[in-house]
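What follows is the residue order along each chain.
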Amino acid sequence: MNCSGLIRTMLPVVLFVAPALAQDAPNAARKVEVSFLFLGSVRTGGTYQEGRCADVAVTVTESVAIVGATCATHQYLHGTTVEAEDSLGSYRGGPRFRKRFGSRITTFLEGLAGVETGFRHGGFRSNTGFSIDAGGGIDLALKSWLGLRMIHAKYQTTWIDGGNVNGLLVHAGLVFRFGKR
């Protein structure tokens, strides 16, 4: 499923469920947070390419969450079979550490590990490799159920098809919060 299909699937749920949960302070920790990072770019090998990400964070404590994230980016990996018309899809998971400041600002750091796979728009290819990333960001609470991810920056390393690629991902987007503390 591509990012636009994921957004079309999740948007009705967010629009109908979120207002019912809007009863705590704007920056309160929720059991589940879903973010859609649709404004962003990826810098790999001196060039910028577009990218979209989504993640789900499940709260463990006030300051720790477990994250599952997926990104789709258009990249060219020099020295590999991932060509310019190909895309990369990543699937990673790991911990996120959060700190709240006041009633509206939350900062976070995270470290995720998983896989990255090269694919064409017509279907998946067989080049998949191990991938890690580390980064952080700042969220601004707009409502108790809605936040603005002002920035989410992370550095990633991927070993794919006999090559190694390092990239910087910078995104912004929306965060939807569900459930009570």
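This one's a predicted model, so the numbers in the text were calculated from it and none came from an experiment. (Residues numbered from 1 in each chain as written. Predicted model: local features only at pLDDT ≥ 70, side-chain atom pairs only at ≥ 80, totals over all residues. Heavy atoms only, no water.)

S.K.: Just to check I follow, could you spell out a nonpolar patch on the surface for this structure?
M.R.: Nonpolar side chains collect at one region of the surface, where Leu 142, Leu 148, Met 150, Ile 151, Tyr 155, Leu 168 and Val 170 lie side by side and expose about 560 Å² of accessible area between them. Broken down by element, the nonpolar patch gets its largest block of residues, four residues, from strand 7 (residues 146-160). Along the chain, Met 150 falls in strand 7. (Patch = residues over 30% accessible without salt bridge, like charges linked within 9 Å, V, L, I, M, F, W, Y side chains within 5 Å. Areas by Shrake-Rupley, 256 points an atom, 1.4 Å probe, with all protein chains shown as cover. Salt bridge = Lys/Arg side-chain N within 4 Å of Asp/Glu carboxyl O. Helix = DSSP H or I, 4+ residues; strand = E, 2+ residues; numbered from the N terminus.)

S.K.: Even after reading the chapter, I still don't get the state of the cysteines, so can you show me in this structure?
M.R.: Two cysteines whose sulfur atoms are joined by a covalent bond form what is called a disulfide. Per the counting criterion, the structure on display carries one disulfide. Covalently, Cys 53 is tied to Cys 71 through a disulfide, its sulfur atoms 2.0 Å apart. Here the disulfide of Cys 53 and Cys 71 is right-handed, its torsion about the S-S bond being about 110 degrees. Highlighted residues: Cys 53 in strand 2 (residues 47-61) and Cys 71 in strand 3 (residues 64-74), separated in sequence by 18 residues. (Disulfide = S-S within 2.5 Å.)

S.K.: Just checking my understanding: could you explain the pattern of salt bridges for this structure?
M.R.: Between side chains of opposite charge, a pair can form as their charged atoms come close. This model, assessed by the stated rule, comprises ten salt bridges. One salt bridge connects Arg 177 with Glu 33, and the closest N-O pair in it is separated by 3.2 Å. Separated by 144 residues along the polypeptide, Arg 177 in strand 8 (residues 163-178) and Glu 33 in strand 1 (residues 32-44) bring together distant segments of the chain. The same class applies to Arg 177 and to Glu 33, which are both buried. Because the salt bridges share partners, they merge into one network encompassing Asp 55, Arg 96, Glu 110, Asp 139 and Arg 149. (Buried < 20%, exposed > 50% of the residue type's maximum accessible area, 1.4 Å probe, protein only.)

S.K.: I keep staring at the packing of aromatic side chains and nothing clicks. Help me out?
M.R.: In total, this model carries two aromatic pairs according to the counting rule given. When the centroid spacing of 6.0 Å and the interplanar angle of 65 degrees are considered together, the rings of Phe 36 and Phe 176 count as edge-to-face. Taken together, the positions of Phe 36 in strand 1 and Phe 176 in strand 8 put the pair 140 residues apart, joining distant regions of the chain. The exposure classification of Phe 36 matches that of Phe 176, with both residues buried. Ring plane angle 20 degrees and centroid distance 5.9 Å describe the contact between Phe 130 and Trp 159, whose orientation is recorded as stacked. Here Trp 159 lies in strand 7 and Phe 130 lies in strand 6 (residues 123-141), a separation of 29 residues in the sequence. Under the relative-accessibility criterion, Trp 159 is labelled partly exposed at 38%. (Phe/Tyr/Trp six-rings, centres within 6.5 Å; stacked < 30°, edge-to-face > 60°.)

S.K.: Is there a simple way to think about the environment of His 152 in this case?
M.R.: Within the element layout of this structure, His 152 appears in strand 7. For His 152, a relative accessible area of 2% corresponds to the buried category. Sequence separation between His 152 and Asp 139 is 13 residues; the distance between their C-alpha atoms is 8.7 Å. Apart from residues lying up to four places away in sequence, His 152 is in contact with Leu 37, Asp 55, Arg 96, Phe 108, Glu 110, Gly 136, Gly 137, Leu 169, Val 170 and His 171. Within polar-contact distance, the side chain of His 152 engages the side chain of Glu 110 at 2.9 Å. (Contact = heavy atoms within 4.5 Å. Polar contact = N/O pair within 3.5 Å; in protein donor to acceptor, adjacent residues only side chain to side chain.)

S.K.: So what exactly am I meant to see when it comes to the environment of Thr 61 here?
M.R.: Relative to the helices and strands, Thr 61 resides in strand 2. Overall, Thr 61 belongs to the partly exposed group, its relative accessible area being 38%. Remark: the alpha-carbon pair of Thr 61 and Lys 31, spanning 30 residues in sequence, is separated by 9.2 Å.

S.K.: Please explain the side chain of Asp 139 as it appears in this structure.
M.R.: Position of Asp 139 among the secondary structure elements: in strand 6. Judged by relative accessible area, which is 3%, Asp 139 ranks as buried. A distance of 2.6 Å separates polar atoms of two side chains, one belonging to Asp 139 and the other to Arg 149. Those residues in contact with Asp 139 that lie beyond four places of it in its chain are Arg 104, Ile 105, Thr 106, Phe 108, Leu 148, Arg 149, Val 175 and Arg 177.

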